[in-house]
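Here is how the chains run, residue by residue.
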Amino acid sequence: MVGQSPLGPAEGRAAVLLQPFVHQVGGHTSMLTYDEHTICKPLVSQELSFYESLPLAMRQFTPQYKGIVSVHLKKDSLGNLTLIASPSLGQPDGSAGGDPAVTLWHKCKWSHTQVTKTFKDSCSGKMLLRTDLQYHTDSLLEDANGKQAERKSYNPWGLHCHRQHLNRMSSKHNENKLHQFLLLENVVSKYSYPCILDLKMGTRQHGDDASEEKKARHIKKCEQSTSASLGVRICGMQVYQADTGHFLCKDKYYGRKLSPEGFQQTLRQFLCNGNQLRTDLLEPIILRLKALLAVIRKQSSYRFYSSSLLIIYDGQEHKESTDHHLPFPKTHGTNPSRVDVRMIDFAHTTFKGSKSNPNPTPHDGPDHGYIFGLENLIKILQSLSEGK
């Protein structure tokens, strides 16, 4: 699986081989690793417009926008497809983290060796992979009985998205076509074992420009899930299990089936590391969500349709210590490095003054569907904090 780098000697200095982002837990757009602190995704004009005119108060709750990069397909002598970024538009200079020799086969069959290499590059700490691990996209998330295997040594969702993306690109475009990608902050790069909950926020998911067919499809998904009853549904999750050294993973199909009670149980599961419930994280998460709620209430005309909210913490607990070798020692209070809350995915976000849509459908006041979801999320976490 590991072949020669597709980068030539001359282009190796500037070009970057993009690798699947192994900590992608939700969404359908492929997220790719540009370097250790930067990811990239296909550019959508509405999302670019959002980042370019981002309100100051929201910046602490969104990934940092780093620019635009040109990306093209490249096929090596064995027929393996890769994506190459050309940082020629004023983007960060440098090469991708890790060994550029890790390439992805067009059929996306990942062996133990390759997944080990990719995951080791992205996670500090001990090896997480069982020696018999083998990944095939045709049996991605379900076993022979149609049930999801919960415990995994890595999250396969990003590889699934990447395979689909490569298939779409290769069938529609030739190798020379340049595609524009957004460069964004990798918000989990500081965590040793990032535990991530991806929440689809709001009571409405379709954008103003959605076709009648797409609108009906999204309305049905909302009605049949906790999006309608709670204003939030689970889109993906990975939780590091300290007792086994593996991640427990859930995907969007699991999240759609949950009742409000199931949603609460899964939220509890997200905070359980296999040994105990991380009650120490509840207060800092709740405070961060309350701070976000205060900001959203002030964003008149904004509608964050189909956007997600990430709740992140490190699965590796750090004891009270003065040891400066620890990535971020645990401290009293709400040390921002212990937990994080970030809004992502703004391809369908609309607001007054958007460059990509000069005549948007007028929306007055804040996004009440999003606020409804945040309020319920806070209530559920508070009930967990009170031991209910």
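Residues numbered from 1 in each chain as written. Predicted model: local features only at pLDDT ≥ 70, side-chain atom pairs only at ≥ 80, totals over all residues. Heavy atoms only, no water.

Looking at an unreviewed UniProt entry, one finds the protein named Kinase and attributed to Zosterops borbonicus. Recorded in UniProt under Sequence similarities (unreviewed entry), the annotation for the protein is "Belongs to the inositol phosphokinase (IPK) family." (UniProt positions renumbered as here; feature names shortened; annotations may be inferred.)

Along the chain, the position of Arg-278 falls in the loop between α7 (260-270) and α8 (282-296). Arg-278 sits 37 residues away from Gly-315 along the chain, and the two C-alpha atoms are 9.6 Å apart. Ignoring anything within four residues of it in the chain, the contact list for Arg-278 reads Leu-271, Asn-273, Tyr-313, Asp-314 and Glu-317. Among the polar contacts made by the side chain of Arg-278, one reaches the side chain of Asp-280 at a distance of 3.0 Å. (Helix = DSSP H or I, 4+ residues; strand = E, 2+ residues; numbered from the N terminus. Contact = heavy atoms within 4.5 Å. Polar contact = N/O pair within 3.5 Å; in protein donor to acceptor, adjacent residues only side chain to side chain.)

Each aromatic ring pair is summarised here by two numbers: the centre-to-centre distance and the angle between the ring planes. Per the stated rule, a full pass over the model turns up 14 aromatic pairs. Ring geometry for Phe-50 versus Phe-304: centroids 6.4 Å apart, planes at 85°, classification edge-to-face. Linking Phe-50 in helix α1 (residues 45-52) with Phe-304 in the loop between α8 and β11 (308-314), this pair joins segments that are 254 residues apart in sequence. Taking 6.0 Å as the distance between ring centres and 20° as the angle between the ring planes, the aromatic pair formed by Tyr-51 and Tyr-65 counts as stacked. (Phe/Tyr/Trp six-rings, centres within 6.5 Å; stacked < 30°, edge-to-face > 60°.)

If you walk around this closed barrel you meet the six strands as β1-β2-β3-β7-β4-β5, and the pairing is antiparallel. Adjacent strand axes in the sheet meet at a mean angle of 45°, parallel and antiparallel pairs treated alike. Alignment of strand β4 (residues 65-75) against strand β5 (residues 81-86), held across six bridges, turns out to be antiparallel. Note that in β5 the partner of Ser-70 across the bridge is Ser-86. Seen against the sheet, helix α3 (residues 157-172) touches β1 (16-20), β2 (32-35), β3 (38-42), β4, β5 and β7 (179-185) and runs at an angle of roughly 85° to β5. (Pairing = 2+ DSSP bridges. Axes fitted to C-alpha atoms, helices over the stretch in contact; angles between N-to-C directions.)

Grouped together as the largest cluster of nonpolar side chains are 66 residues, with contacts concentrated most on Leu-199, Leu-289, Leu-309 and Leu-381. Listed in part, the 15 residues of the second largest apolar core include Val-16, Leu-32, Leu-81 and Leu-83. (Core = buried A, V, L, I, M, F, W, Y, C linked by side-chain atoms within 4.5 Å. Buried < 20%, exposed > 50% of the residue type's maximum accessible area, 1.4 Å probe, protein only.)

With respect to the helices and strands, Asp-198 occurs in strand β8 (residues 194-201). Buried and without a salt bridge, Asp-198 has Lys-200 as its closest oppositely charged side chain, separated by 6.2 Å. A distance of 2.9 Å separates a polar atom in the side chain of Asp-198 from a polar atom in the side chain of Ser-308. Each residue touching Asp-198, except ones within four places of it in the same chain, is listed here: Val-25, Gly-26, Gly-27, Arg-233, Ile-234, Cys-235, Gly-236, Ser-308, Leu-309, Leu-310 and Ile-344. (Lys, Arg positive; Asp, Glu negative; His and termini not counted. Salt bridge = Lys/Arg side-chain N within 4 Å of Asp/Glu carboxyl O.)

A separate point is the pairing of β4. Here β4 runs beside β7; their pairing, made up of six bridges, is antiparallel. Its bridge partner lying in β7, Gly-67 is registered against Leu-183. Here β4 folds back onto β5, and the loop between the two strands holds five residues, one of which, Gly-79, carries a positive phi near 90°.

Looking now at the packing of α7 against helix α9 (residues 368-385). Packing of α7 against α9 leaves a shortest axis separation of 10 Å and a crossing angle of 60°. Regarding α7 and α9, the two cross each other, and that crossing is right-handed. Listed contacts from α9 to Phe-263, Gln-264, Leu-267 and Arg-268 of α7 are Leu-377, Ile-380, Leu-381, Ser-383 and Leu-384. Partitioning the contact of α7 with α9 into residue classes produces six nonpolar, two polar and one charged. (Left-handed = near helix turned anticlockwise from the far one by under 90°. Nonpolar A, V, L, I, M, F, W, Y, C, P; charged D, E, K, R; others polar.)

It is worth spelling out the pairing of β8 at this point. Burial of β8 is extensive: eight of the eight residues sit out of reach of the surface. Residues Pro-194, Ile-196, Asp-198 and Lys-200 of β8 are buried on one face, and the alternating residues Cys-195, Leu-197, Leu-199 and Met-201, pointing to the opposite face, are buried as well. Sheet analysis places β8 next to β11, joined by seven bridges and oriented antiparallel. What sits directly across from Asp-198, in β11, is Leu-310.

We now examine the packing of α8 against α9. Close contact between α8 and α9 brings their axes to 10 Å; oriented N to C, the two are set at 160°. Comparing the axis directions of α8 and α9 gives the class roughly antiparallel. Here α8 runs over α9; the crossing is left-handed. Here Leu-282, Ile-285, Ile-286, Leu-289, Lys-290, Leu-292, Leu-293 and Ile-296 of α8 come into contact with α9, specifically with Tyr-370, Ile-371, Leu-374, Glu-375, Leu-377, Ile-378, Leu-381, Gln-382, Leu-384 and Ser-385. A breakdown of the residues in the contact of α8 with α9 according to their chemical character gives 14 nonpolar, two polar and two charged. (Parallel < 35°, antiparallel > 145°, perpendicular 65-115°, else oblique.)

On to α9, then. With 18 residues, α9 should reach 26 Å at 1.5 Å per residue; the first-to-last C-alpha distance of 25 Å fits that figure. Looking at α9, one finds that the buried residues are Gly-369, Tyr-370, Ile-371, Gly-373, Leu-374, Asn-376, Leu-377, Ile-378, Ile-380, Leu-381, Ser-383 and Leu-384. Just downstream of α9 lies Gly-387, where phi reads positive at about 80°. (Expected span 1.5 Å × (residues − 1).)

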